[in-house]
2 protein chains.
Amino acid sequence: MSETQESMIVEHVLDAISDQRLRAGTKLGEQALSDLFSCNRAHVRRALATLSAYQVVDLIPNRGAFVSTPSEDEARDIFQARRAIEATIIRNVVRRADDADLAALRAHLTHEDAVRQENDRPKAIRASRAFHMLLARIGRNSVLEKYLSELTMRTSLIIGLYGTNKASLCADDEHRHIVDSIAARDEARAQDLVDHHLRHIENEIEFGSQSPRIGPLSFILQPSEG
Amino acid sequence: MSETQESMIVEHVLDAISDQRLRAGTKLGEQALSDLFSCNRAHVRRALATLSAYQVVDLIPNRGAFVSTPSEDEARDIFQARRAIEATIIRNVVRRADDADLAALRAHLTHEDAVRQENDRPKAIRASRAFHMLLARIGRNSVLEKYLSELTMRTSLIIGLYGTNKASLCADDEHRHIVDSIAARDEARAQDLVDHHLRHIENEIEFGSQSPRIGPLSFILQPSEG
DNA sequence: TCAGTATATATTGTTAACAAAATAAACAAA
DNA sequence: TTTGTTTATTTTGTTAACAATATATACTGA
């Protein structure tokens, strides 16, 4: 069903959300999107239905589509779900990772270091999320991988909403320690580190400090780069 | 966005799948669905997009929508994901269940007993799934609840595809033992029982025995009852 | 009878036009 | 100035018509 057109919209919006270019509450107008991606509104509507099913967009009847704004309760549920899912993922990783996977993890760590130098916040956020998604891929469970993909995007929204400046990024050495424990095939330690890492991120969030500023859609999405 | 019409279709299809009235591979024609639910094709299309996002329906370009047919690998991923998610759910349940929740669980057990007498297989399957979803609700994590809802539906597809006759239902006493451990606030035991219960179900599946028979859509969905 | 091909039918994909609702703007009265 | 009302504009919702593709049927030749 014309997957390309629709999935392009979906992918761009998801990317923009996970990079925190699109913030919670932003309206996703049908006309605006169909203009941006030069397609008709039917495609946009189906894309929005898909994004709504992913729970990153809220569809309000007669009002339109908005990037969803997770509540504090929802945020806690999301983090607990991440701990549940990533615990199994890391166990799979420790058991299944081969040399190529370990090399990819090491390569990613150096990439994260390089990004950290640049002081490019969206880029750093993207890299940080990519680490968790790399683990999910190495874990080789497509179901958990998809769910984590959704949850990390919603985590981006949460951090964008409530996150303090310092908190918004995963501490570098925590990722490094996790990779070390994987290389050592230390399952218990790896699980522990991931769990603490996630609690770390959650604890650095301060609920109550909303920052609702949003920018123009055309600037944020930039469909040309896809 | 006219949630009622679209969500009605979605709910009916999901119900039919979880009851195993809709089997893997069944074609969901746009005309057929719009006739059944007396709405236009635009609604059907958006409903199918949503169902596709839930991963219970596959959209094949220029061919249409089909109830998805999980592979053996996918099935194993689904069961592992269930173990990951239900482990956390049961922990929440043991910690959070109040007297009303325990009463609801006991009531459900008697309901399952009653259903078992009737020899109505779809009804028994529905009751069995309802037990797991009741746990998810009592666990009070909306994210895990939604994911488990998806996974139990996909489990229905798997059992419909590969399940042996005896295997297709959860053993009654296993559910009862789980409730007992919850009442006793024995977290470790409850987690253990749920894990074994899920492995039990998985082990009774025989991959390789496809049964691809399907019936007419109008008979299966029966939109009148909604 | 079977295989291959051409035709006919049905289904999905796409677009545009119109209706209904919500938002924005203009205006009047206090 | 502020509040409330009316009008205009924009945006979402709905429908139908048409194009493109796939499936089913009928036909021809071996």
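So, here is what we can say about the structure in this document. Please read these numbers as outputs of a predicted model, since none were measured by experiment.

### Regarding the sheet that holds strand β1 (residues 27–28) of chain B
Residue and element names in this part refer to chain B. Spatial ordering of the open sheet is given by β1-β3-β2, a layout of three strands whose pairing is antiparallel. With partners counted over all chains shown, the strands left at the sheet margins are β1 and β2 (57–60), one partner each. As paired elements, β2 and strand β3 (residues 64–67) share four bridges and run antiparallel to each other. Counterpart to V57 in the pairing with β3 is V67. Helix α3 (residues 41–53) contacts β1, β2 and β3 of the sheet and is inclined by roughly 120° relative to β2.

### Thoughts on the pairing of β3(B)
All names here are of chain B. Side-chain alternation along β3 places G64 and F66 on one buried face and A65 and V67 on a second face that is also buried. Judged from the two bridges that link them, β1 and β3 form a sheet pairing that is antiparallel. Within β3, the residue paired with K27 across the bridge is F66. Joining the antiparallel neighbours β2 and β3 is a turn of three residues, in which N62 adopts a positive phi near 65°.

### Some points on the packing of helix α6 (residues 121–139) of chain A against helix α7 (residues 142–162) of chain A
Residue and element names in this part refer to chain A. Interhelical geometry of α6 versus α7 gives an angle of 160° and a closest axis separation of 10 Å. On the basis of their axis angle, the class for α6 and α7 is roughly antiparallel. Considering only the axes of α6 and α7, their crossing is right-handed. Together, I125, R129, H132, M133, A136 and R137 of α6 and E145, L148, S149, T152, M153 and S156 of α7 make up the contact between the two elements. Classifying every residue of the contact of α6 with α7 by side-chain character gives five nonpolar, four polar and three charged.

### Notes on the packing of aromatic side chains
Evaluated as defined, the whole model comprises three aromatic pairs over all chains. Ring geometry for A:Y147 and B:Y147: centres 3.7 Å apart, planes at 15°, overall stacked. Of this pair, A:Y147 sits in helix α7 while B:Y147 sits in helix α7 (residues 142–162), each in a different chain.

So, how was this worked out
- Every chain's residues receive numbers from 1 upward, in the order its sequence appears when written.
- Lettering of chains starts at A and numbering of ligands starts at 1, both following the order in which they are written.
- Since the coordinates come from a predicted model, pLDDT governs what is reported: local features require at least 70, and pairs of side-chain atoms require 80 or more to be given and counted, while whole-chain, interface and lining totals use all residues.
- The basis for every side-chain value is the complete set of heavy atoms in the structure, and neither hydrogens nor water enter the calculation.
- Whether two strands pair depends on DSSP finding at least two bridges between them.
- Secondary structure elements follow DSSP: runs of H or I of four or more residues count as helices, runs of E of two or more count as strands, with numbering from the N terminus.
- Whether two residues are in contact is decided by their heavy atoms, any of which lying within 4.5 Å being enough.
- Note on geometry: axes are C-alpha line fits, over the in-contact stretch for helices, and angles between N-to-C directions span 0 to 180 degrees.
- Buried means the residue's accessible area, taken with a 1.4 Å probe over protein chains only, is under 20% of the maximum for its type, while exposed means over 50%, and partly exposed covers the values in between.
- We call two directions roughly parallel when the angle between them is under 35 degrees, roughly antiparallel when it is over 145, roughly perpendicular when it lies between 65 and 115, and oblique otherwise.
- A clockwise turn of the near helix away from the far one marks a right-handed crossing, whereas an anticlockwise turn of less than a right angle marks a left-handed crossing.
- Gly is placed with the polar residues, together with every amino acid not listed as nonpolar (Ala, Val, Leu, Ile, Met, Phe, Trp, Tyr, Cys and Pro) or charged (Asp, Glu, Lys and Arg).
- In summary, the pairing rule links any two rings of Phe, Tyr or Trp, Trp by its six-membered ring, whose centres are within 6.5 Å, and it sorts them by plane angle into stacked for under 30 degrees, edge-to-face for over 60 and tilted for everything else.

Structural measurements only, silent on function.
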